Amino acid sequence: MTKRFLAAAAFVLLSSTVSATDIGATFETACPFGDCAAGISLSYLGEFVIPTGHMENGVEFGGISGLDFDAATGHYLAISDDRSERGPARFYELDVDVDASGLKGVSVVKQVTLKDKNGAPFAARTVDPESIRLGKDGIYWGSEGDGKALLAPFVRVASPDGSFVREFKLPEGFAPTADKSTGIRDNLAFEDLAVAPSGDVFVGVEAALYQDGPNPSLTSGSLSRIVRYDGATGEPKAEYVYPVSPIPQAATKADGGNDNGMSEMLALDDHRLLAVERSYAQGFGNSIKIMMMDLTDSTDVSAIASLAKNDQLVVPARRSQVLDLRAIGLIPDNIEAMSLGKAKDGTDVLILGSDNNFSTSQKTQFYAFKILRRPQQ
């Protein structure tokens with residue numbers, strides 16, 4: 001999660017906004033990687049915004065960093081990245097009112113408190129929830145950890161009431177270190193979580209571990225690791241490299257900062273995933289690109305301690321851009337959540353959500369796209 005210029009909450013009403021993109025506009029990537037069987041086609045269904053400051057059960061709503069569809073209820077699970085500071089670490093059950101005619105609204109059905117291993121709500125700043133998926137035996141969710149406080153990232157399984165069930169094993173080299181020689185960078189750790197049809201679980205870091213090279217810059221990218229887990233055992237099976245793109249936009253404000261990172265993943269099948277590359281440039285705003293990656297023939301780098309000090313051949317994940325939200329006329333906020341789902345009329349949809357950082361200069365934003373075509377096996 002990227003924290004930016006936080007301010008006090010001010011607004012309390014729900015509102016929808018009008019986009020420059022017409023409902024029904026279609027966007028197609030016919031042959032990603034030159035593979036026409038991987039083609040994907042989307043049709044825009046609209047945007048809905050919940051302004052910063054909206055309250056639910058006496059707790060400020062926001063920080064939406066992960067989203068997944070529950071076919072049993074027809075609702076979506078959405079995790080907040082509140083570090084138990086505004087309220088207990090939590091996830092929500094959301095009703096997304098969307099059909100083939102457009103996205104009409106998003107409302108909160110239920111709020112669930114996440115519990116630590118002792119069955120208690122997390123203490124302030126002991127957790128940083130960033131991702132959520134439904135798995136075969138519960139709700140899988142990830143915490144980014146805290147590089148400064150030397151809190152390791154984790155992936156855990158929770159029951160529907162938020163109680164702890166089990167924890168996945170953290171591979172070597174990911175735990176933060178005081179001297180920053182290895183491990184996660186602060187605020188650039190476990191941001192992405194995807195569950196494949198096979199039950200395998202993919203977990204990605206936003207940008208390179210310290211031992212794997214630098215953060216993205218305007219001229220170079222960054223080597224993010226993706227851990228592939230056996231979902232049933234929580235044991236790591238492999239690690240792959242996802243090459244995060246260089247920062248696409250310089251800051252337009254004098255001395256302003258900028259960044260880029262992988263903020264979410266979504267499994268399409270057992271080897272193809274969608275990834276969100278989320279960039280921010282001060283004075284300009286966010287750039288959001290949806291990429292498709294294919295892990296077929298990617299090198300398992302789990303035995304390579306440092307990608308920066310490695311003389312072995314490494315084949316990264318193949319990737320191809322599917323959608324650039326700004327290029328189609330949208331003005332995206334801080335998109336960190338992505339889910340496949342079903343609309344009210346049974347339409348297959350792709351839903352995106354933003355983390356407002358609880359800032360009055362940002363918003364909780366949802367986009368919906370109808371899926372016209374998706375990759376074939």
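Structural data are supplied above this passage.
Since the model is a prediction, treat every value here as computed from it, not as a measurement.

A.B. asks: I keep staring at the environment of asparagine 187 and nothing clicks. Help me out?
C.D. replies: Along the chain, asparagine 187 turns up in the loop between strand E13 (164-167) and strand E14 (190-195). Asparagine 187 sits in the buried class, given a relative accessible area of 18%. A C-alpha to C-alpha distance of 26 Å links asparagine 187 and glycine 138, two positions 49 residues apart in sequence.

A.B. asks: Is there a simple way to think about the state of the cysteines in this case?
C.D. replies: Here a disulfide denotes one covalent bond, and it connects the sulfur atoms of two cysteines. Scanning all chains against the criterion turns up 1 disulfide. Between cysteine 31 and cysteine 36 runs a disulfide, and the two sulfur atoms are separated by 1.9 Å. Handedness here is read from the sign of the S-S torsion; for cysteine 31 and cysteine 36, about 90°, the answer is right-handed. Since its relative accessible area comes to 33%, cysteine 31 is described here as partly exposed. Using a relative accessible area of 43% as the deciding quantity, one classes cysteine 36 as partly exposed.

A.B. asks: How should I be thinking about the sheet that holds strand E8 (residues 90-99) in this particular structure?
C.D. replies: Pairing between the strands of a sheet is mediated by backbone hydrogen bonds and can be parallel or antiparallel. One open sheet accounts for 4 strands, arranged E6-E7-E8-E9; its pairing is antiparallel. Pairing within the sheet leaves two strands with one partner each, and these edge strands are strand E6 (64-70) and strand E9 (102-113). For this sheet, the mean angle separating the axes of adjacent strands, direction not counted, is 30°. Bridging between strand E7 (residues 75-80) and E8 involves 4 bridges; their strand directions are antiparallel. Counterpart to leucine 77 in the pairing with E8 is glutamate 93.

Conventions adopted
- Within each chain, residues carry numbers counting from 1 in the order of the written sequence.
- Where local features are concerned, this predicted model is filtered to residues with pLDDT of at least 70; where side-chain atom pairs are given and counted, the filter is 80 or more; whole-chain, interface and lining totals use all residues.
- Think of the side-chain values as coming from all heavy atoms in the structure, minus any hydrogens and water.
- Helix numbering and strand numbering both begin at the N terminus, where a helix is a DSSP run of H or I of at least 4 residues and a strand a DSSP run of E of at least 2.
- Partly exposed residues are those whose accessible area sits between 20% and 50% of the maximum for their type, while under 20% is buried and over 50% is exposed, using a 1.4 Å probe and protein chains only.
- Note on terminology: disulfide denotes any pair of cysteine sulfur atoms within 2.5 Å.
- At least two bridges found by DSSP between two strands are what make those strands a pair.
- Fitting a line to C-alpha atoms yields each axis, with helices limited to the stretch in contact; the angle taken between N-to-C directions then spans 0 to 180 degrees.

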